Amino acid sequence: MNEIVVAAGIGVLAASGVWLLLRPRTFQVVLGLSLTSYAVNLFIFATGRLRTGAAPIVPPSAGANPAAYADPLPQALVLTAIVIGFATTALLLVVLLAARGLTGTDHVDGREPDA
Amino acid sequence: MLVALGALTKSAQFPFHFWLPRAMAAPTPVSAYLHSATMVKAGVFLLARLWPVLAGTDAWMWTVGTAGLVTFVLGAYAAIFQHDLKGLLAYSTLSHLGLITLLLGLDSPFATVAAVFHIINHATFKASLFMAAGIIDHETGTRDLRRLSGLARAMPYTATLATVAAGAMAGVPLLNGFLSKEMFFAEALDVAGPAPLLDRALPYLATLAGMFSVAYSLRFILAVFFGPPPSGLPSAPHEPPRWMRVPVELLVLACVVVGVIPALTVGPLLDVAVHAILGERTPAYSLALWHGFNVPLLMSVVALGGGIALYFALRRLLARGVDGTAPLLPPVDGRRVFDAVLTTTTTRWPRAAERWLASRRLQPQLRWLVALALAAALAPALTRGLTAGAVADGALDVGLLLAWCVGGACAVGAAVQAKFHRLAALVLAGGAGLVTCITFVWFSAPDLALTQLVVEVVTTVLLLLGLRWLPKRMPFRATAAGARRALPRRLRDLAIAVGAGTGLAVLAYAVLTRPPAPTVADFYVERAYPEGGGTNVVNVILVDFRAFDTLGEITVLGAVAIAVYALLRRFRPAKESTEPPPQQLQQTAQDVHDDVLVPGVIMRAMFAPIAVFAAYLLVRGHNLPGGGFAAGIVFTIALILQYMAGGTRWFEERLRIRPVWLVGSGLALAAATGAGSWFFAHPFLTTHTAQVTLPLLGPLHLPSAFLFDLGVFLLVVGSTGLALIALAHQSVRAHRAEREP
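Residues numbered from 1 in each chain as written. Chains lettered and ligands numbered in written order. Predicted model: local features only at pLDDT ≥ 70, side-chain atom pairs only at ≥ 80, totals over all residues. Heavy atoms only, no water.

### Things to note about the overall build of chain B
Part 1 of the argument: The number of helices and strands found in chain B is 32 helices and two strands.
Part 2 of the argument: In chain B, buried positions account for 47% of the 741 residues.
Part 3 of the argument: Long-range pairs, those at least 24 residues apart, make up 79% of the contacts in chain B with a sequence separation of at least 6.
Part 4 of the argument: Surface summary for chain B: the accessible area is close to 35,900 Å², and the carbon and sulfur share equals 70%. (Helix = DSSP H or I, 4+ residues; strand = E, 2+ residues; numbered from the N terminus. Buried < 20%, exposed > 50% of the residue type's maximum accessible area, 1.4 Å probe, protein only. Contact = heavy atoms within 4.5 Å. Areas by Shrake-Rupley, 256 points an atom, 1.4 Å probe, with all protein chains shown as cover.)

Below is the structure:
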């Protein structure tokens, strides 16, 4: 049942994120990106399957049994993804602040839509 | 097929023939080189070399043979009507290349021998003719056949040479062109291809083209060197300097010698060339001048006589004709067709596509992107089917369910609130991040949880700093018309969003209920300690197995921080944001520092414990959850606390180390650590582990990967610090800008 919960959670995060990505204001897009990256990170993490109490910390001896531990590979991927996600969020934030200062609007197109 | 197409284009075969006569603007030696020796021959050469591989199929015979035949006949026909000396030669080159291509297309070993022989012969006589044309151009200043006349009196020597070379081109006996043309005629007679009608027509077509080539050769000689003395030439003709003639002399000599005693001169060379192509299939061929009275000889005679007759019949027509147009040929300008095709495919269609599809607005672009991704994911699911896997569901953890109820609510709430209540949305998004973090802990990923948690904090602080510069947004009552227009758009976006979410959820569930396949991860788990020297497999992957990726990643992080810094140095906030917001004024009025005195003291005191904690995380990262990323961000949090307690100015005055240096030195350290393993003759970024025993603290696990991780740590501190400080600094700058207008 945990699988359903996590899958549904990923879905809700992704839906909220995509919705925000399609909104016209820059702050919405930043938050959308953030939520989408949660969803994607969780998804990548989930490809290693869900294991409780099996953190990939092996004993200091040769020949650890891979079956006894959670898949470390998606974890390593997601770890870097989290950090890069932070970097892109920071960059996007600053770019949109600069755009806002330059164009006087926080619309994603740099100008207010023609009403 | 494509190779053949390329070769045909290169060798200017029909229907790609039009570029060659256009390439006549170059100086004559270049043309000689281009036409007779290398460039166009490269295509024929390619065909010849690939002949053993490609030939032997009907498709080969049809495409190559037909292209060659058409080019052969049409080129010869068009050459008669050229008025430019070099134009005439260019079309004749076309024709001869067509002949070679046709021979290769005939798909018999003997024809291939003839093709190779003709490649050699054509090179000699065409090069000498081009040089003769160059001499004429140089001495008289024109290449127009209608203006040139009677040059034999002024330059008898050149006239003789050119006449011999043109004779070779026409296939006059005793010259080399005659030999290969005889071979061709013989081959045309006994070809047996897939189309009987074509086979029967081939000898006649060959003789016809032979007639044409005699006619244009004759025209070249007669129009230029014979007839009344020239008048109205740009310069008075006379014999060229000696060294302009020498190459022509040598080449013409070759024509004659090969023509008279072929077996002794060109025989060995031809032998080598033919064997290179045909190998063991080389037929027994004879290079003798005289084969006795036979049908090919008859054809040659007919071609010679017919060509002479044709020339005299056409003579008056030629004197009047417009340059470059041959009667009976449709006036299709190849270049224009080519240009039109090029314009259409590279300019008009893309422009049309741009008009239809492109937009300068971000929203449609993103919408297309998401919709496309959705469609790409949906297509295999619909065609191949997507079902849940077979792994039985475990028990439900109520705690997890509750956490995700909160997380889902937070996500939806953030989505709803992001427009008008940014702060609330930010807090809610943080909540969703926190639940993500809990999920990581729950399912055995302590490293991820740790990193996610601290990154969450820093991201939130960063966004909070940014909030200050965004415009105020008041909820407004939309007009009824505006709402009506917005509604379909919003519904569409909602559908896309729900579709994406549902798709990802279904996909995730399908993955989660399948047993894991063996991956490279098993290798990592098994080797982490024996080879990486650490027990925390995730960390070992990052700093050892895949350390090169990590190096690239921290480079990106540093670049981003510097980009942020650079962007903010020129930052001009919008006018309405330059004034301090009312909340800040209110705080300043109440002397905020007293209000937060107690928390301020605690925050300052927290610096040391947090810094120690960061160091702890860093040191233990190789064996237990932690590592450079998490430690770096934890240390940044310590810095942020000082910021909050002391304020921007206080902090900046006391900051001794420039974050930019941290970025640089961190990256340098990480790279140097990797390079260090070279000194021990190991690949880049190989880890060496040492156990160091420190006084008081006991044994310390100190791999060289620790230095790498230390580099990561420094860079992360530098980058995040740089971004945050640059952003926070703006509030100070804005005030100053306001004060000194």
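### So, the overall build of chain A
Part 1 of the argument: A count of helices and strands for chain A gives three helices and zero strands.
Part 2 of the argument: Overall, chain A shows an N-to-C arrangement of helices and strands of α-α-α.
Part 3 of the argument: For chain A, with 115 residues in total, the buried portion stands at 63%.
Part 4 of the argument: Taking the contacts inside chain A whose residues are at least 6 apart along the sequence as the reference set, 50% of them involve residues at least 24 apart.
Part 5 of the argument: Within the structure as shown, chain A displays about 3,700 Å² of accessible surface, and the carbon and sulfur contribution to it stands at 67%.

### Comments concerning the interface of chain B and chain A
Part 1 of the argument: Listed as interface residues are 108 residues of chain B and, on the opposing side, 88 residues of chain A.
Part 2 of the argument: When the two sides are added together, the surface that chain B and chain A hide from each other amounts to roughly 8,600 Å², 77% of it contributed by carbon and sulfur.
Part 3 of the argument: Linking chain B with chain A are one salt bridge, by the criterion used here.
Part 4 of the argument: In this structure, the salt-bridge partner of R23 of chain A is D493 of chain B, at a minimum N-O distance of 2.3 Å.
Part 5 of the argument: Our enumeration of links across chain B and chain A arrives at three residue pairs in polar contact (both at pLDDT 80 or more).
Part 6 of the argument: The dominant element in the side of chain B that touches chain A, judged by the number of residues it contributes, is helix 21 (residues 480-512) of chain B, at 16 residues.
Part 7 of the argument: Among the residues forming the side of chain B that touches chain A, the class breakdown is 70 nonpolar, 19 polar and 19 charged. (Buried area = accessible area lost by both parts, 1.4 Å probe. Salt bridge = Lys/Arg side-chain N within 4 Å of Asp/Glu carboxyl O. Polar contact = N/O pair within 3.5 Å; in protein donor to acceptor, adjacent residues only side chain to side chain. Nonpolar A, V, L, I, M, F, W, Y, C, P; charged D, E, K, R; others polar.)

### What about the pattern of salt bridges?
Part 1 of the argument: Here the structure, examined in full by the defined rule, presents two salt bridges over all chains.
Part 2 of the argument: In this structure, the salt-bridge partner of R367 of chain B is D493 of chain B, at a minimum N-O distance of 3.0 Å. Of this pair, R367 of chain B sits in helix 17 (residues 362-384) while D493 of chain B sits in helix 21, and the two are 126 residues apart along the sequence.
Part 3 of the argument: Through salt bridges that share partners, R23 of chain A together with R367 and D493 of chain B make up one connected network.

### Looking at the packing of helix 7 (residues 109-140) of chain B against helix 14 (residues 267-278) of chain B
When two helices pack together, their arrangement is given by the angle between the helix axes and by the axis-to-axis distance.
Residues and elements named next belong to chain B.
Part 1 of the argument: Contact geometry for helix 7 and helix 14: axes closest at 10 Å, N-to-C directions at 130°. Put simply, helix 7 runs oblique to helix 14. Viewed along their axes, helix 7 and helix 14 form a crossing whose handedness is right-handed. Residues P109, T112, V113, V116, F117 and I120 of helix 7 form the contact with helix 14, whose participating residues are L269, L270, A273, V274, I277 and L278.
Part 2 of the argument: Split into classes, the residues belonging to the contact of helix 7 with helix 14 amount to 11 nonpolar, one polar and no charged. (Axes fitted to C-alpha atoms, helices over the stretch in contact; angles between N-to-C directions. Parallel < 35°, antiparallel > 145°, perpendicular 65-115°, else oblique. Left-handed = near helix turned anticlockwise from the far one by under 90°.)

### Regarding the nonpolar core
Part 1 of the argument: Counting residues in each nonpolar core, the largest one holds 122 residues, and the members touching the most others are L13, L31 and F45 of chain A together with F440 of chain B.
Part 2 of the argument: Ranked by residues supplied to this core, first place goes to helix 32 (residues 704-739) of chain B with 14 residues.
Part 3 of the argument: Once residues lying within four places of it in the same chain are set aside, the contact partners of F45 of chain A are L50, P74, Q75 and V78 of chain A together with T439, F440, F443, A445 and L448 of chain B. (Core = buried A, V, L, I, M, F, W, Y, C linked by side-chain atoms within 4.5 Å.)

### A short note on the packing of aromatic side chains
Part 1 of the argument: According to the stated counting rule, one finds three aromatic pairs over all chains in the structure shown.
Part 2 of the argument: Between F45 of chain A and F440 of chain B the ring centres are 5.1 Å apart and the planes differ by 90°, which places this aromatic pair in the edge-to-face class. Remark: F440 of chain B occurs in helix 19 (residues 422-442) and F45 of chain A occurs in helix 2 (residues 26-46); the pair is interchain, linking two chains. Pair check on accessibility: F45 of chain A and F440 of chain B agree, each one buried.
Part 3 of the argument: Measuring from ring centre to ring centre gives 5.9 Å for F607 of chain B and F635 of chain B, while their planes differ by 65°; the resulting arrangement is edge-to-face. Of this pair, F607 of chain B sits in helix 28 (residues 597-620) while F635 of chain B sits in helix 29 (residues 628-646); the two residues are 28 residues apart in sequence, bridging distant segments of the chain.
Part 4 of the argument: A relative accessible area of 29% means that F607 of chain B is categorised as partly exposed.
Part 5 of the argument: Through a chain of ring-to-ring contacts, three or more aromatic side chains come together here, namely F607, F635 and F713 of chain B.
Part 6 of the argument: Above the ring of W19 of chain A, the side-chain terminus of R23 of chain A is found at 4.0 Å from the ring centroid. (Phe/Tyr/Trp six-rings, centres within 6.5 Å; stacked < 30°, edge-to-face > 60°. Lys NZ or Arg CZ within 6 Å of the ring centre and 35° of its normal.)

### A look at helix 9 (residues 156-170) of chain B
Residue and element names in this part refer to chain B.
Part 1 of the argument: Helix length check: helix 9, at 15 residues, gives a terminal C-alpha distance of 21 Å against a target of 21 Å (1.5 Å per residue), a fit within 8%.
Part 2 of the argument: Along helix 9, the positions that sit buried rather than exposed are T158, A159, L161, A162, A165, A166, G167, A168, M169 and A170.
Part 3 of the argument: Looking one or two residues beyond helix 9, the residue adopting positive phi is G171, at roughly 85°. (Expected span 1.5 Å × (residues − 1).)

### Describing the environment of T648 of chain B
Part 1 of the argument: Note on placement: T648 of chain B falls in helix 30 (residues 648-654).
Part 2 of the argument: Distance from T648 of chain B to Q730 of chain B, taken between C-alpha atoms, is 9.6 Å for residues 82 residues apart in sequence.

### Focus: the confidence of the model for chain A
Part 1 of the argument: Here chain A averages 81 in pLDDT, while 91% of its residues score no lower than 70.
Part 2 of the argument: Confidence scores differ between elements of chain A, with helix 3 (residues 72-103) of chain A showing the lowest mean pLDDT of 84 and helix 2 of chain A the highest of 89. (pLDDT = per-residue confidence, 0-100.)

### Notes on helix 23 (residues 537-545) of chain B
Part 1 of the argument: Most of helix 23 of chain B is tucked away, with eight of its nine residues classed as buried.
Part 2 of the argument: V537, V538, N539, V540, I541, L542, V543 and D544 of chain B are the residues of helix 23 of chain B that are buried.

### Looking at the confidence of the model for chain B
All names here are of chain B.
Part 1 of the argument: Looking at chain B, pLDDT values average 75 and 75% of them are 70 or higher.
Part 2 of the argument: Taken element by element, the predicted model of chain B shows its lowest mean pLDDT in helix 27 (residues 592-595) (54) and its highest in helix 19 (87).
Part 3 of the argument: This model gives residues 736-741 a pLDDT under 50, and the stretch forms four contacts once residues within four places in sequence are excluded.
Part 4 of the argument: Under the prediction, the complex receives an ipTM of 0.89, its pTM being 0.61.

### Examining a nonpolar patch on the surface
Part 1 of the argument: On the surface, a cluster of nonpolar side chains totalling about 300 Å² of accessible area is made up of M1 and I4 of chain A together with L396 and L401 of chain B.
Part 2 of the argument: For I4 of chain A, the location among the structural elements is in helix 1 (residues 2-21).
Part 3 of the argument: By relative accessible area, I4 of chain A is classed as partly exposed at 39%. (Patch = residues over 30% accessible without salt bridge, like charges linked within 9 Å, V, L, I, M, F, W, Y side chains within 5 Å.)

### Concerning the side chain of T124 of chain B
Residues and elements named next belong to chain B.
Part 1 of the argument: Residue placement: T124 occurs in helix 7.
Part 2 of the argument: Looking at T124, the relative accessible area reads 15%, which means it is buried.
Part 3 of the argument: For T124, the contacting residues outside a window of four places in its chain are N176, L251, A254 and C255.

### Focus on the environment of D271 of chain B
All names here are of chain B.
Part 1 of the argument: Within the fold, D271 resides in helix 14.
Part 2 of the argument: For D271, a relative accessible area of 33% translates into the label partly exposed.
Part 3 of the argument: Along the backbone, D271 and V113 are 158 residues apart, and their C-alpha atoms lie at a distance of 8.9 Å.

### Structural notes on a positive patch on the surface
Part 1 of the argument: Taken together, the side chains of R485, R489, R490 and R492 of chain B present a region of like positive charge at the surface.
Part 2 of the argument: Structurally, the position occupied by R492 of chain B is in helix 21. (Lys, Arg positive; Asp, Glu negative; His and termini not counted. Charge placed at Lys NZ, Arg CZ, Asp CG, Glu CD.)

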